[in-house]
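# Analysis of the macromolecular model
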Amino acid sequence: MTYEEVVKVARGCIGDKCFACPICNGKACGNKLPGPGSKGIGDTATRNYEAWRKIYLNMDTICENKEIDTSVELFGKSFAYPFFAGPVGAVQLHYSDKYSDITYNDTLVSACSQCGVAAFTGDGVNPDVMVGATRAIKAVGGLGIPTIKPWNIETIAEKMELVAQSDAFAVAMDIDAAGLPFLKNMTPPAGSKTVEELKEIIGLAKVPFIVKGVMSVKGALKAKEAGASAIVVSNHGGRVLDGCAATADVLEEIVAALGDSMKIFVDGGIRTGGDVFKALAMGAHGVIIARPFVTAVYGGGAEGVEAYTNKIGEELRDTMAMCGAANLAEITRDMIRR
């Protein structure tokens, strides 16, 4: 399947809240919650997307014609590309019942591992979601990243035990999920965490811990103080705070503040291999893409994930060749401009 064919199939089975747009820019779904939209007036997801459009590539083909290497090593694991599938939960609520959270994660985790990348998996109030996610990760030799919601410490401890059993090479917490309207007043309770609380949570992890949902230097330094191994510069796709800044607009200042002290990922509106290149040039170590992978799974299952991964990978490879970078280490800030 081509990715265009995947999108066409997805339109017929992804539900009535997502439109499987050829360009996933947040405009059609707007503020559809439940659904893939943003909180409030629904413009933060669109702002994420448009911020990457305002960053331009500096073409330079006066260079040695080398073979392009897109591979990356993170936390002791090697991957074919520096981009990963983002965590998505409650797919039956936000999309359609073609997949449950368990079957979605089974498909995504397995397909991503076959494509040489890794998937972050979602979480939910139903404990079986994390059971299924960690089982899927264990089945691929631990090549996945379970993502735990900011529940109370007792619930987190239970889920950390599942993470340990999965042999996952890292674990994440989307701490910004505290702002999801459909988690309000739910059981188990979820909410923001202090630095001390986060330290306690990180102490339960036996693998590198990634804090997802950092949008300021202040927040990044708090995550560092708590002992996180990495952060994800993310506003949860606009789903947790209306009027939030775009991730592309805060990435560089966070990179400057953290230096080489921890790994930095970024998500939010990244839709092409060129966008991946831009993020790397701005100092990110890796990129996370969420909504388009949902379209890929609904439109083609494992074959859809392969088609989408190949599409973004080839776009990245082409961008590197046209900007004079033979490998990721050669991607530098002077290869882009605002």
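Shown above is the structure to which this text applies.
This text gives an overview of the structure that appears in the document.

Here is what the cut-offs are and how they apply
Residues numbered from 1 in each chain as written. Predicted model: local features only at pLDDT ≥ 70, side-chain atom pairs only at ≥ 80, totals over all residues. Heavy atoms only, no water. Buried < 20%, exposed > 50% of the residue type's maximum accessible area, 1.4 Å probe, protein only. Helix = DSSP H or I, 4+ residues; strand = E, 2+ residues; numbered from the N terminus. Pairing = 2+ DSSP bridges. Right-handed = clockwise from strand over helix to strand, strands pointing away. Disulfide = S-S within 2.5 Å. Patch = residues over 30% accessible without salt bridge, like charges linked within 9 Å, V, L, I, M, F, W, Y side chains within 5 Å. Areas by Shrake-Rupley, 256 points an atom, 1.4 Å probe, with all protein chains shown as cover. Salt bridge = Lys/Arg side-chain N within 4 Å of Asp/Glu carboxyl O. Lys, Arg positive; Asp, Glu negative; His and termini not counted. Charge placed at Lys NZ, Arg CZ, Asp CG, Glu CD. Core = buried A, V, L, I, M, F, W, Y, C linked by side-chain atoms within 4.5 Å. Contact = heavy atoms within 4.5 Å. Expected span 1.5 Å × (residues − 1). Phe/Tyr/Trp six-rings, centres within 6.5 Å; stacked < 30°, edge-to-face > 60°. Arc of directions from axis to C-beta.

When you tally the buried positions in strand β8 (residues 209-214), you get five out of six residues, the bulk of the element. In this structure, β8 lies alongside strand β9 (residues 230-233), joined through four bridges in parallel fashion. Residue lysine 212 lies in a different strand from β9, and its bridge partner there is valine 232. Following the backbone out of β8, through helix α8 (residues 217-226) and into the adjacent parallel β9, one traces a crossover that is right-handed.

Going through the model one piece at a time under the given rule, you end up with zero disulfides. Take cysteine 24: it sits in no disulfide, and the sulfur closest to it among the cysteines is that of cysteine 29, at 6.3 Å. On the basis of relative accessible area, cysteine 24 is assigned to the partly exposed category, the value being 22%. With no disulfide of its own, cysteine 323 lies closest to cysteine 63 among cysteine sulfurs, the gap being 9.4 Å.

Time to look at a negative patch on the surface. A grouping of Glu154, Glu158, Glu161, Glu197 and Glu200 is seen on the molecular surface, where their side chains present a negatively charged patch. Mapped by element, the contributors of at least two residues to the negative patch are α6 (153-166) and α7 (195-204). Turning to its location among the elements, glutamate 200 is positioned in helix α7.

This next bit is on the nonpolar core. In terms of nonpolar packing, the biggest core is built from 111 residues, with Tyr104, Phe209, Ile231 and Tyr298 touching the most fellow members. Examining the composition of this core, we find that 12 residues originate from one element, helix α11 (residues 291-323), more than from any other. Phenylalanine 209 has contacts with Met160, Val171, Met173, Leu198, Ile201, Ile202, Ala228, Ser229 and Ala230, leaving out every residue within four places of it along the chain.

What follows covers helix α4 (residues 101-114). The terminal C-alpha atoms of α4, which comprises 14 residues, lie 20 Å apart, in line with the 20 Å expected from a rise of 1.5 Å per residue. Taken together, the buried positions of α4 are Asp101, Tyr104, Asn105, Thr107, Leu108, Val109, Ala111, Cys112 and Ser113. In the core, the buried residues of α4 are packed alongside β4 (83-85), α3 (91-94), β5 (119-121), α5 (127-139) and α11. Glycine 116 sits one or two residues past α4 and shows a positive phi near 85°.

Turning next to the packing of aromatic side chains. In the structure shown here, the tally under the stated rule is nine aromatic pairs. Ring centres of tyrosine 99 and tyrosine 298 lie 5.1 Å apart, and the angle between their planes is 70°; this geometry places the pair in the edge-to-face category. Of the two residues, tyrosine 99 sits in the loop between α3 and α4 while tyrosine 298 sits in helix α11, which places them 199 residues apart along the sequence. For the pair shown, tyrosine 99 and tyrosine 298 are each scored as buried. What links up through ring pairs into an aromatic cluster is the set Phe79, Phe84, Phe169 and Phe265.

What follows covers helix α1 (residues 3-11). Along α1, the positions that sit buried rather than exposed are Tyr3, Val6, Val7 and Ala10. Seen along its axis, α1 keeps its buried residues to an arc of 100°; they face one direction. In this structure, α1 carries Glu4 and Lys8 as exposed residues pointing more than 90 degrees from its buried face. Close packing links the buried residues of α1 with α11.

In this section: the environment of lysine 218. Its location among the elements puts lysine 218 in helix α8. Lysine 218 sits in the exposed class, given a relative accessible area of 60%. For lysine 218 and isoleucine 254, which are 36 residues apart along the polypeptide, the C-alpha to C-alpha distance reads 8.7 Å.

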